[in-house]
Amino acid sequence: MITARAAATFEPVGRSVAVARAFVRDTLQGWGFADVVDDAVVLTSELVTNAVVHAGTAADVQCLRYETAVRVEVADHYPEREIPLQSRGRQFREGDHEGGRGLLLCAALASRWGVEYTSSGKHVWFQLDLPERPAGTRSAGPLLPPSALPVADERVRVAVVQVDREGGITRWNDDAADLFGHAAADVVGKSLADLTAWPQTPGTGIGLAEALQLSRWEGTYGLRDGSGRVLPVYGSHLRVRDTSGEPSTVCLLVRAEERAVLQTPTRGAVPLDSALSQRDKSSDAFEVFIGSPAPDDLDGLLQRTVERARDMLDGDAAYLLLATDDETELEVRASTGLPSARQRFARVPVEAGTGRYGSARMPAVHEDLTAVPGAVPLLSGTGMRSVVTVPLKVEGRLTGSIGVAAEAPGRYSNQEALRLQFAADRIALAVESARLTELERLRRGSLSFLVEASDLLAGTLERDQTLALMAQMTVPTLASWCAVYTIADQAEPELAFVLHEDEDRIDGIKALLSQVRPPEPDPTPGARFWTAPSDAAHSSALRASLRSLGLGSASGARPASGPGIALATAAAVGGETVVLPLVARNRVIGMLTLGKPTDERFRQEILELAEDLSRRAALALDNARLYSERTAISQALQRSLLPPELPRVPGVEVEVVYRAAGEGNEVGGDFYDLFPIRDGCWGFAIGDVCGTGPEAAAVTGLARHALRLLAREGFGGPAVLERLNAAILDEGARSRFLTLLYGELWPQHDGSAVLRMVCAGHPLPLRLRPDGSVEPAADPQPLLGVMEDLELVEQSVTLDPGDVLLCVTDGVTERREGTRMLGDDGLADVLATCTGLTAGAVAARIQRAVERFASDAPSDDMAILAMRVPTLPTP
């Protein structure tokens, strides 16, 4: 039965693919189905691409929610498509063929899928089954002596927090106030998410919002206390509803070290061999060791494994490492009794040698680590003296290692190693299966992440926006903070952008990095570690602390502010920092720096994902650089074709409005000019070259410079245009038709102005008199660039005080809205309303009339030249 439905239609444009992905992601996350979001987004992306890009039609996307599954349907509208005939046993096309790739993905990822053809299009659907989430199971632990009971404070505080369906806090008991330092009045009404620090690794685990929607959930996360410090807590969530049916979640929280108070089942220190001897024949050795129910996520399984191993051998600490894909390194994934936050995801080589886990492939016992320094690097500086380690193997292949350590020397022998190996053999297959499941989920999440990142980076050619996108895509998904360095023309790396998940930390990190020498621009692929920010931050924090105590200066004067900012910056950048080169077209153009806060490290999968992102980001950044350079060159060349500032003509007001069509164009086929010819004489021109863009602009430059040169050589208007016509025809195939109005302006002592003009195929100039009458000021003559022999005639007109001469290009008169056109008559009507206005006001009113004539933006170049003889002052 369908329990919810969401549908949308997307236009046949490339951007619709990204919009469709966002629609499906938002819909499924809103339904609380985060487990299948990544698969659904990848499949939707392929199917919508087929519809809007390959089929060229709109795509209809519909999401259907069932009790145990989600179904997504994608339909296009392509009636000409032939129905494919597929013989029995015929396989899909090869994997590298563009066609059919979406169906191959459906077959690989979906629980069920299908294709339906109709007379009007194709209908593809896929269904993803929802994973089962077992509810809590009651259990009872064995009878234990007091010495084997979990350790807790004298008073165990259990915080009871209740949140509504939106995640807002509605109840906050006294123990919660004592544990976290927040009074109930300060937090009730706020979102629980504002106080929690939840894992942000993409593709692994679930988020806080999803956990609060489950019927029952247990796990570990962080909660910020009153001072802003993150306190690790163990939580048990139960979803309830009140008498009116309104759902809410009750959260029981204790300190992480007191998790035994809430954890189900209760942890017991029962020897494994004793438990196995008491089980019946139907018991599973895995469940006897791990407990029931077994955690359904890898982190939970690993954490319970190390706790059981520690209790089984009565150790003080335990840890578990998993092998990387190439089995050359081991990665810390769980620990107990150790500073797990500092060691989590730390990586060490497997093979023998100093600082390496040489005993990872077989059981080993170290009776006293002080006698063999560096034998187990993970335990250096922890106070542990003896340790037993055993491998996790599946079909003879190393998949990990388990170690149990004690503070006393000589605690373990071969007998304990055999017991631990027996347990490791029982859980190795389950751990490997959970690891592969997590890895596959992470890879699918990474694929979805890279698809969206590529879309965002391809959507802009602006350098600064590309830098911002690079940082915003990594924080907080991949790292806690990010810095981007750029390199231009073999210069030193320059810090270009800094981002932190807490905006209050950005300025501090930027100031810190500006004082640190940038990393070397090494083109070698892959992430390399960089310790300079962490070292500099801790040194700065130490100096600030000494100054606050009056120990940092001879005078002993205390600073105006404490070391809080320096300490916060040190904590923000105190973890692992890596640098990835931004290499594009065999050249290092920058570096992407990612960092973690104190006691945190990067996972190998995250570093691989960051490396993939850096390659895409480098190409996008280089494309933005090339685009910016070419745009700057183009604009510089175009500006050289425009006349300089208009000269001041005594006794005549002159105003010009100019706009070139096309994005990034400053000069098009229309042009204007006003220049002095000789004393008391000024030349003016307004013209229109056939076409737009750079080709038309080239003829524009030829015409403008030729007019100035010929006019200053003393040629009259007809002679100037005849010679310009010959120059245009000499261009051959590159020549363009040109309409041109050229004239000479002679201001007179009586306040009038005499104009001598030649109108070669150009829209006629209009004369506006003070009484509002409008009339053409010249007669039409042949345009330039067509005939070799032209007979042009110069015409004279006198502008009296108050008269206006308006010259425009056809971008004004041919402005269209459907079948309507402004035309010469429409322009004359607008000009008739301009009596008494200055030349600037006349040009502005004409421009507004052109823009408002149609709803869409003008598609043609436009030039407006207005000249007005001012009215003589009244004596």
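Regarding its fold elements, the protein chain presents 21 helices and 34 strands. Counting only residues that meet the buried cut, the protein chain has 47% of its 875 residues in that class. Taking the contacts inside the protein chain whose residues are at least 6 apart along the sequence as the reference set, 62% of them involve residues at least 24 apart. With the model as given, the accessible surface of the protein chain reaches about 42500 Å², and the carbon-plus-sulfur share is 50%.

Under the definition given, this model contains five aromatic pairs. Each ring, one from W31 and one from F33, has its centre 6.4 Å from the other, and the planes form 70°; the classification is edge-to-face. You can call W31 buried: its relative accessible area is 18%. When the ring of Y658 is compared with that of Y672, the centres are 5.7 Å apart and the planes differ by 55°; the resulting orientation is tilted. With a gap of 14 residues between them, Y658 in strand β23 (residues 653–659) and Y672 in strand β24 (residues 670–678) connect regions that are remote in the sequence. Y672 shares its class with Y658; the two are buried. Between the NZ or CZ atom of R426 and the centre of the ring of F422, over which it lies, the distance is 3.6 Å.

Where strand β4 (residues 112–118) meets strand β5 (residues 121–129), seven bridges bridge the pair, whose relative direction is antiparallel. Along β5, the bridge assignment pairs R112 with Q127. Count of turn residues in the β4/β5 antiparallel hairpin: two residues.

Looking now at the sheet that holds strand β9 (residues 216–224). Pairing in this open sheet of six strands is antiparallel, and the strands run β7-β6-β11-β10-β9-β8 from one edge to the other. Of all the strands in the sheet, the pair left with one neighbour each is β7 (169–172) and β8 (196–197). Inspection of the sheet shows β9 paired to strand β10 (residues 230–241) by nine bridges, in the antiparallel sense. In the sheet register, E218 faces β10, and the bridge partner there is S236.

Another point: the pattern of salt bridges. For the coordinates displayed, the defined rule picks out 34 salt bridges. Residue D39 pairs with R444 through a salt bridge whose shortest N-O separation is 2.3 Å. With D39 in helix α2 (residues 37–54) and R444 in helix α11 (residues 414–458), this residue pair connects regions lying 405 residues apart in the sequence. Owing to a relative accessible area of 23%, R444 belongs among the partly exposed residues under this scheme. Here R615 ties to D612 by a salt bridge, and the two come within 2.1 Å at their closest N and O atoms. Of this pair, R615 and D612 are both found in helix α16 (residues 604–641), three residues apart, which corresponds to roughly one turn of the helix. Among the residues examined, R615 registers a relative accessible area of 45% and is labelled partly exposed. Salt bridges here are not isolated pairs; linked through shared partners, they connect R585, R587, D622, R625 and E629.

Below, the discussion takes up the pairing of β7. When strand β6 (residues 159–164) meets β7, the two strands line up antiparallel, connected through three bridges. Bridged to V163 within β7 is I169. What sits between β6 and β7 in their antiparallel hairpin is a turn of four residues, with G167 showing a positive phi close to 90°.

Okay, a negative patch on the surface next. A surface patch of negative charge is lined by E501, D502, E503, D504, D507, D599 and E600. Residue E503 is classed as exposed on the basis of its relative accessible area, which comes to 64%.

As summarised here, the arrangement of the five strands in space is β19-β18-β22-β21-β20, forming an open sheet in which the pairing is antiparallel. Each edge of the open sheet is held by one strand with a lone partner, namely β19 (494–500) and β20 (528–529). In terms of strand pairing, β20 meets strand β21 (residues 577–584) through two bridges, oriented antiparallel. Across the sheet, residue R528 finds its bridge partner in β21, namely V579. Helix α12 (residues 463–474) rests against β18 (481–486), β19, β21 and β22 (587–595) of the sheet, and its axis sits at about 40° to β19.

Right, let's talk about the side chain of S448 for a bit. Examined against the element boundaries, S448 turns out to sit in helix α11. Judged by its relative accessible area of 2%, S448 falls in the buried class. Here the side chain of S448 touches R25 through a polar contact of 2.6 Å, side chain to side chain.

Okay, the confidence of the model for the protein chain next. Averaged over all residues, the pLDDT of the protein chain is 80; the fraction at 70 or higher stands at 82%. For the stretch residues 266–283, pLDDT sits under 50, and the model shows 26 contacts to residues farther than four places along the chain or on other chains. For residues 553–562, every residue scores under 50 in pLDDT, and the model assigns this stretch seven contacts once sequence neighbours within four places are set aside.

Counting residues in each nonpolar core, the largest one holds 53 residues, and the members touching the most others are M470, L513, L582 and L594. Here this core gets nine residues from one element, more than from any other, and that element is α16. Setting aside anything within four residues of it in sequence, one finds M470 in contact with L457, V484, L582, L592 and A617.

Thresholds, definitions, all that
- Residues numbered from 1 in each chain as written.
- Predicted model: local features only at pLDDT ≥ 70, side-chain atom pairs only at ≥ 80, totals over all residues.
- Heavy atoms only, no water.
- Helix = DSSP H or I, 4+ residues; strand = E, 2+ residues; numbered from the N terminus.
- Buried < 20%, exposed > 50% of the residue type's maximum accessible area, 1.4 Å probe, protein only.
- Contact = heavy atoms within 4.5 Å.
- Areas by Shrake-Rupley, 256 points an atom, 1.4 Å probe, with all protein chains shown as cover.
- Phe/Tyr/Trp six-rings, centres within 6.5 Å; stacked < 30°, edge-to-face > 60°.
- Lys NZ or Arg CZ within 6 Å of the ring centre and 35° of its normal.
- Pairing = 2+ DSSP bridges.
- Salt bridge = Lys/Arg side-chain N within 4 Å of Asp/Glu carboxyl O.
- Patch = residues over 30% accessible without salt bridge, like charges linked within 9 Å, V, L, I, M, F, W, Y side chains within 5 Å.
- Lys, Arg positive; Asp, Glu negative; His and termini not counted.
- Charge placed at Lys NZ, Arg CZ, Asp CG, Glu CD.
- Axes fitted to C-alpha atoms, helices over the stretch in contact; angles between N-to-C directions.
- Polar contact = N/O pair within 3.5 Å; in protein donor to acceptor, adjacent residues only side chain to side chain.
- pLDDT = per-residue confidence, 0-100.
- Core = buried A, V, L, I, M, F, W, Y, C linked by side-chain atoms within 4.5 Å.

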